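A closer look at the structure
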Amino acid sequence: MSKHEEIFVGAIDQGTTSTRFIIYDRLARAVGSHQVEFTQFYPEAGWVEHDPMEILESVRVCMAKALDKATADGHNVDNGLKAIGLTNQRETTLVWSKSTGAPLYNAIVWMDVRTSSICRKLEKELSGGRTHFVETCGLPISTYFSALKLLWLLENVDTIKEAVANGDAIFGTIDTWLIWNLTGGCDGGLHVTDVSNASRTMLMNLKTLEWDKPTLETLGIPAEILPKIVSNSEVIGKIAKGWPITGIPISGCLGDQHAAMVGQACRKGEAKSTYGTGAFILLNTGEGIIQSDHGLLSTLAFKLGPSAPTNYALEGSIAIAGAAVQWLRDSLGVISRASEIEELASQVETTGGVYFVPAFNGLFAPWWRDDARGVCIGITRFTTKAHIARAVLESMCFQVKDVLDSMHKDADGIRNDKGEFLLRVDGGATVNNLLMQTQADLLGSPVVRPADIETTALGAAYAAGLAVGVWKENDIFGSGAQVKNDTVFHPKLDEELRKKKVQSWCKAVSRTFDLADLSL
């Protein structure tokens, strides 16, 4: 590729509450983007669903609008677009008809907890209990993962039972659904997933990177409905006719948190925390799998090519982070825009002794309590909405600290090549300076925010560009250019006060347990 030729890489970023399409130039600068929110369905308490067709339409709209914006700004994207990368909300599960292309049920979202009874049943029946599959897939039995959602669909939806019996049903996470439709759908669409998304189903063997036959047999899941597993960076197929962009290769695919690791250039010993609907902290452990003794997940970080080495990670997943701010906005009306929370919370110096634990659908790492429910404690007549807003922000930071404390215990010997244990941050909520300062204060260590906080889409673009020769690995992981515009937040909180606040937080967390059966 000529150095003077205009070269672009696109990235589809399909998240839990919105979809984005971002176009990057050769220097990985965004030259056009568009974002669309889509509907969240809550049919019952603890249930969360998406309409797969609405997600498809959101991708179509974002592609067209981003292309229009970049073209209007003078960029020749039509001729210069070399590849498309895809990143997506993980674990969200759907089954559709390969003959009609129609979803056979809404997508069951990663935070949905309808599978609690299936989890309890398996824990009782299987010899290893909750950790029965950990040795194989790195994951405990939990409502979080795709296999349990798929079991619920197979057991409870008649149209899916019939389609499986007739050989017409296919399963996928959101990446699989999008790729199948982008590459032709019923007319030759490719049924694939990547290693990072597959690693979150509970069905992939972490060592072989293939579907684990004993697990499939134990759970009674038919192998023929599963997609083919590919690496994170390789040409998968080309976009078919009927889309705003056609004939361009899809050459990168990663789950959102894995894409953020690539976008943040996280090498061995480096950790990142993404603040979105939930919060997700991943530490790159290199080519070795570390089994956690402290409530974390062993998972795949990334595999940037069919013959590239596999990087693994320890992960702590937090179900509710930015979603708590949305709750303040949409359910309580305390704020009218999410961005207003920083100003409101800044009206007070402290939470006034208020602690908020957003266990709306249970707690993920490191607690793993699906019987937990949200609490707000320490309320007095002195308490104002500003104190509650500040407590909501602090709740995100305390949860991240819980995970990082576990990470330090599990990976004590894991450091980067400078002997450091680094935390990088990204995601929409990190524009909130008060949140970032609070995070540094509660950790007692610096927090590093990059100039481009949308590292999830950037990671997908990097993986796609890598596969078609736009970039080399050294351009991504060896460049100091990304670092020069970083913002660093240093801790200011007194150590004694930090310890007292953490003790109070742990007391608040303990109050959330065993509340799932409170009568309505």
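Structure: above.
We now turn to the structure provided with this report. (Residues numbered from 1 in each chain as written. Predicted model: local features only at pLDDT ≥ 70, side-chain atom pairs only at ≥ 80, totals over all residues. Heavy atoms only, no water.)

Considering the nonpolar core
What counts, and what does not: Throughout this description, the term nonpolar core refers to a set of buried Ala, Val, Leu, Ile, Met, Phe, Trp, Tyr and Cys residues connected via side-chain atoms within 4.5 Å. Exposed residues in this analysis have more than 50% of their type's maximum accessible area, buried residues have under 20%, and partly exposed residues fall in between, with area computed by a 1.4 Å probe over protein chains only. For the purposes of this entry, the term helix denotes a DSSP run of H or I that reaches at least four residues, the term strand denotes a run of E that reaches at least two, and both are numbered from the N terminus. We call two residues contacting when some pair of their heavy atoms lies within 4.5 Å.
Judged by nonpolar contacts, the single largest core of 138 residues is most densely connected at Met202 and Ile221. No other element matches helix H13 (residues 385-410), which puts 12 residues into this core. Once residues within four sequence positions are removed from consideration, Ile221 is found in contact with Ala147, Leu150, Leu151, Leu154, Leu203, Leu216 and Leu226. In terms of nonpolar packing, the next biggest core, distinct from the first, is built from 37 residues, Val31, Ile84, Ile174 and Cys253 among them.

Observations concerning helix H17 (residues 495-510)
Convention followed: Expected helix span is given by 1.5 Å per residue-to-residue step, counting one fewer step than there are residues. To obtain the arc, one takes the directions from the helix axis to the C-beta atoms. Polar contacts here mean pairs of N or O atoms no more than 3.5 Å apart (in protein, one a potential hydrogen donor and the other a potential acceptor; neighbouring residues in sequence count only if both atoms are side-chain atoms).
Here H17 contains 16 residues, and its C-alpha end-to-end distance of 23 Å stays within 8% of the 22 Å for a straight helix at 1.5 Å per residue. For H17, the full list of buried residues reads Arg498, Lys501, Val502, Trp505, Ala508 and Val509. All buried residues of H17 lie within an arc of 120° about the axis, which places them on one face of the element. Facing away from the buried surface of H17 by more than 90 degrees, the exposed residues are Lys500 and Gln503. Buried residues in H17 make contact with strand E17 (355-357), strand E18 (375-377), H13 and helix H14 (433-443). The N-cap residue of H17 is Asp494: its side-chain oxygen and the backbone nitrogen of Glu496 are 3.1 Å apart.

A closer look at H14
Across the 11 residues of H14, 10 count as buried, placing the element largely inside the fold. The complete set of buried residues in H14 reads Leu434, Leu435, Met436, Gln437, Thr438, Gln439, Ala440, Asp441, Leu442 and Leu443. The N-terminus of H14 is capped by Asn432, whose side-chain oxygen sits 3.0 Å from the backbone nitrogen of Leu434. The positive-phi residue at the C-terminal boundary of H14 is Gly444, with phi of around 75°.

Examining the environment of Ala323
Along the chain, the position of Ala323 falls in helix H11 (residues 322-330). On the basis of relative accessibility, which here comes to 12%, the residue Ala323 falls in the buried class. On a C-alpha basis, the gap between Ala323 and Asp514 in space is 22 Å, while along the polypeptide they are 191 residues apart. If sequence neighbours within four positions are ignored, Ala323 has contacts with Gly276 and Thr277.

Re the pairing of strand E1 (residues 8-14)
Quick reminder of the rule: Only strands that DSSP links by at least two bridges are regarded as paired with each other.
Most of E1 is tucked away, with 7 of its 7 residues classed as buried. Across the two faces of E1 the burial is the same, with Phe8, Gly10, Ile12 and Gln14 and Val9, Ala11 and Asp13 all buried. Of the pairings in the sheet, the one linking E1 to strand E5 (residues 81-88) comprises 7 bridges and is parallel in character. By the bridge assignment for E5, Ile12 is matched with Leu86. Examined bridge by bridge, E1 and strand E2 (residues 18-25) share 7 bridges and lie antiparallel to one another. In the sheet register, Phe8 faces E2, and the bridge partner there is Asp25.

Regarding the environment of Ala461
Looking at the secondary structure, you find Ala461 in helix H15 (residues 455-467). In contact with Ala461, not counting residues within four places along its chain, are Val9, Ala11, Tyr24 and Trp471.

A word on the sheet that holds strand E11 (residues 233-238)
Selection rule: Orientation is described by lines fitted to C-alpha atoms, with helices fitted over the stretch in contact, and by angles between N-to-C directions that extend from 0 to 180 degrees.
Strand order in this open sheet of 6 strands is E3-E2-E1-E5-E12-E11, and the pairing throughout is mixed. With one partner strand each, in any of the chains shown, strand E3 (30-37) and E11 form the two edges of the open sheet. Direction aside, the axes of adjacent strands within the sheet are offset by 25° on average. Looking at chain direction, E2 and E3 are connected through 7 bridges and run antiparallel. Pairing of Phe21 across the sheet is with His34, part of E3. Running at roughly 145° to E5, helix H7 (residues 174-182) makes contact with E1, E5, E11 and strand E12 (249-255) of the sheet.

Section: empty space enclosed by the protein
The condition is simple: Cavities and pockets were defined on a 1 Å grid built over protein atoms only: a cavity is a set of grid points that admits a 1.4 Å probe from which the probe cannot escape, a pocket is an open set flanked by protein on both sides within 12 Å along at least five of seven lines, and lining residues are those with an atom within 4 Å of any such point. Grid points are joined across faces, edges and corners, and a volume is the space filled by probe spheres set on the points. Residues are grouped as follows: Ala, Val, Leu, Ile, Met, Phe, Trp, Tyr, Cys and Pro are nonpolar; Asp, Glu, Lys and Arg are charged; every other residue, Gly included, is polar.
Within this structure, the stated rule accounts for 1 cavity of 30 Å³ or more. Estimates place the volume of the largest cavity at around 50 Å³. What lines the largest cavity is Ser317, Ile318, Ala319, Leu363, Phe364, Ala365, Pro366, Trp367, Gln399 and Asp402. Elements that contribute at least two residues to the lining of the largest cavity include exactly strand E16 (311-318) and H13. Considered class by class, the residues forming the lining of the largest cavity number 7 nonpolar, 2 polar and 1 charged.

Remarks on the pairing of E2
The buried count for E2 comes to 8 of 8 residues, which makes it a mostly enclosed element. Both faces of E2 are covered, namely the face carrying Ser18, Arg20, Ile22 and Tyr24 and the face carrying Thr19, Phe21, Ile23 and Asp25. Between E1 and E2, which pair antiparallel and follow one another directly, the connecting turn spans 3 residues. From the end of E2 to the start of E3, which pair antiparallel, there are 4 residues, and Ala28 there has a positive phi angle of about 60°.

Digging into the pattern of salt bridges
Note the following rule: In what follows, salt bridge is the name for a side-chain nitrogen of Lys or Arg lying within 4 Å of a carboxyl oxygen of Asp or Glu.
Using the criterion set out here, one finds 24 salt bridges in the structure. Glu123 serves as the salt-bridge partner of Arg120, at 2.9 Å between the closest nitrogen and oxygen. Here the residue Arg120 and the residue Glu123 both occupy positions in helix H3 (residues 116-125), the gap between them amounting to 3 residues, near one helical turn. By sharing partners, the salt bridges in this structure join Arg90, Glu91, Arg200, Asp256 and Glu315 into a single network.

Brief notes about unusual backbone geometry
Omega for the bond connecting Ala365 with Pro366 falls within 30 degrees of zero, at -10°, which places this linkage in the cis form. Mapped onto the elements, Pro366 comes out in the loop between E17 and E18. Within the chain, Met202 stands out as a residue other than glycine whose phi angle is a positive 85°. Following the sequence through the fold, Met202 ends up in the loop between helix H8 (195-198) and helix H9 (213-219).

Side note on the side chain of Arg498
As for its position among the elements, Arg498 is in helix H17. In this structure Arg498 comes out as buried when scored by relative accessible area, which is 8%.

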